[in-house]
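Structural characterization, general
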Amino acid sequence: MRRPAPATGIQPERLGAHAIVSGAIGALGPVPATHRLLADVPVELRQVSADPLRASQVLVNLLSNAIKYSPEGGTVYVRARAEGNAVRFAVTDQGMGISAEDQERLFGTFFRTQSALDSGIPGTGLGLYITKRLVEAMGGQMSLQSEPGRGSTFSFTMPVWDEAAVPTRLPAVGDSAA
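Conventions adopted
Residues numbered from 1 in each chain as written. Predicted model: local features only at pLDDT ≥ 70, side-chain atom pairs only at ≥ 80, totals over all residues. Heavy atoms only, no water. Salt bridge = Lys/Arg side-chain N within 4 Å of Asp/Glu carboxyl O. Buried < 20%, exposed > 50% of the residue type's maximum accessible area, 1.4 Å probe, protein only. Phe/Tyr/Trp six-rings, centres within 6.5 Å; stacked < 30°, edge-to-face > 60°. Helix = DSSP H or I, 4+ residues; strand = E, 2+ residues; numbered from the N terminus. Polar contact = N/O pair within 3.5 Å; in protein donor to acceptor, adjacent residues only side chain to side chain. Contact = heavy atoms within 4.5 Å. Axes fitted to C-alpha atoms, helices over the stretch in contact; angles between N-to-C directions. Parallel < 35°, antiparallel > 145°, perpendicular 65-115°, else oblique. Left-handed = near helix turned anticlockwise from the far one by under 90°. Nonpolar A, V, L, I, M, F, W, Y, C, P; charged D, E, K, R; others polar. pLDDT = per-residue confidence, 0-100.

Considering the pattern of salt bridges
When their charged atoms lie close together, side chains carrying opposite charge are able to pair. Tallied over the full model, the rule gives four salt bridges. A salt bridge links Arg88 to Glu83; the shortest N-O distance between them is 2.8 Å. Classification of Arg88 as partly exposed rests on a relative accessible area of 21%. Of the charged contacts in the structure, one is a salt bridge between Arg150 and Glu147, with a shortest N-O distance of 3.3 Å.

This is how it looks when you write it as structure tokens:
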């Protein structure tokens, strides 16, 4: 069942966390042979309210960044866990990590860390900005835990589907049921 589309163009649906993760992994395409991707998503998690296209876009961006910034032989993990009235999705890499100073600016437009620039890894500095805005438009929150030389965990929440929040059908103008 679709909810009415808000002005942002986000079209929330009732989705399982496993479907979101498996859809994003499928959309990501083949993982380079030099990396491993491991998923841990319990099937018993409550369903969330999320736009399927945008939720996949968020995870694909986080997963592709994690692979891009992880060293050869690195493992990228994607997990989902219940957290109050939300489900938290987390992508963890074994990459270069991000300083506390850079973390403050990371979700801004066109920002790239100096270590990312020095490494020659391509990027525009817009992916995380867009990702955070999409998460927030779907009612979630984005966070980051990182330390230079120890990798990063980017995580976001999606609200649990609330059947009571689904609007009832309002009678149309001229509808005799009014």
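So much for the structure itself; the text now carries on.
Section: the packing of aromatic side chains
All told, the structure shown has two aromatic pairs when counted by the stated rule. Considering the side-chain rings of Phe89 and Phe156, the 5.1 Å spacing of their centres and the 15 degrees angle between planes classify their relative orientation as stacked. Within this pair, whereas Phe89 is found in strand S5 (residues 86-92), its partner Phe156 is found in strand S7 (residues 152-159), the two being separated by 67 residues in sequence.

A word on the side chain of Asn61
You can see Asn61 is positioned in helix H2 (residues 52-69). You can call Asn61 buried: its relative accessible area is 16%. A polar contact is formed between the side chain of Asn61 and the side chain of Thr131, at a distance of 2.8 Å. With sequence-adjacent residues up to four places away left out, Asn61 is seen in contact with Gly127, Leu128 and Thr131.

Things to note about the packing of helix H1 (residues 17-28) against H2
Between two packed helices, the angle of one axis relative to the other and the distance separating the axes together describe the packing. Viewed as axis vectors pointing N to C, H1 and H2 meet at an angle of 60 degrees, and their least axial separation amounts to 8 Å. As summarised for this structure, H1 and H2 are arranged oblique, according to the angle between their axes. You can see that H1 and H2 cross each other, and the crossing is right-handed. Within the contact between the two elements, H1 uses Ile20, Val21, Gly23, Ala24, Ile25, Ala27 and Leu28 and H2 uses Ala55, Ser56, Leu59, Val60, Leu63, Ser64 and Ile67. A per-class count over the contact of H1 with H2 returns 11 nonpolar, three polar and no charged.

Some remarks on the confidence of the model for the protein
Counting all residues, the mean pLDDT for the protein is 85, and 81% of those residues have values of 70 or more. At the low end of the mean pLDDT range in the protein sits helix H4 (residues 114-119), at 67; at the high end sits S5, at 98. A low-confidence stretch, residues 1-7 stays under pLDDT 50, and its non-local contacts, those more than four residues away or across chains, total 19 contacts. Note on residues 167-172: pLDDT under 50 across the span, and three contacts to partners over four residues away in sequence or across chains.

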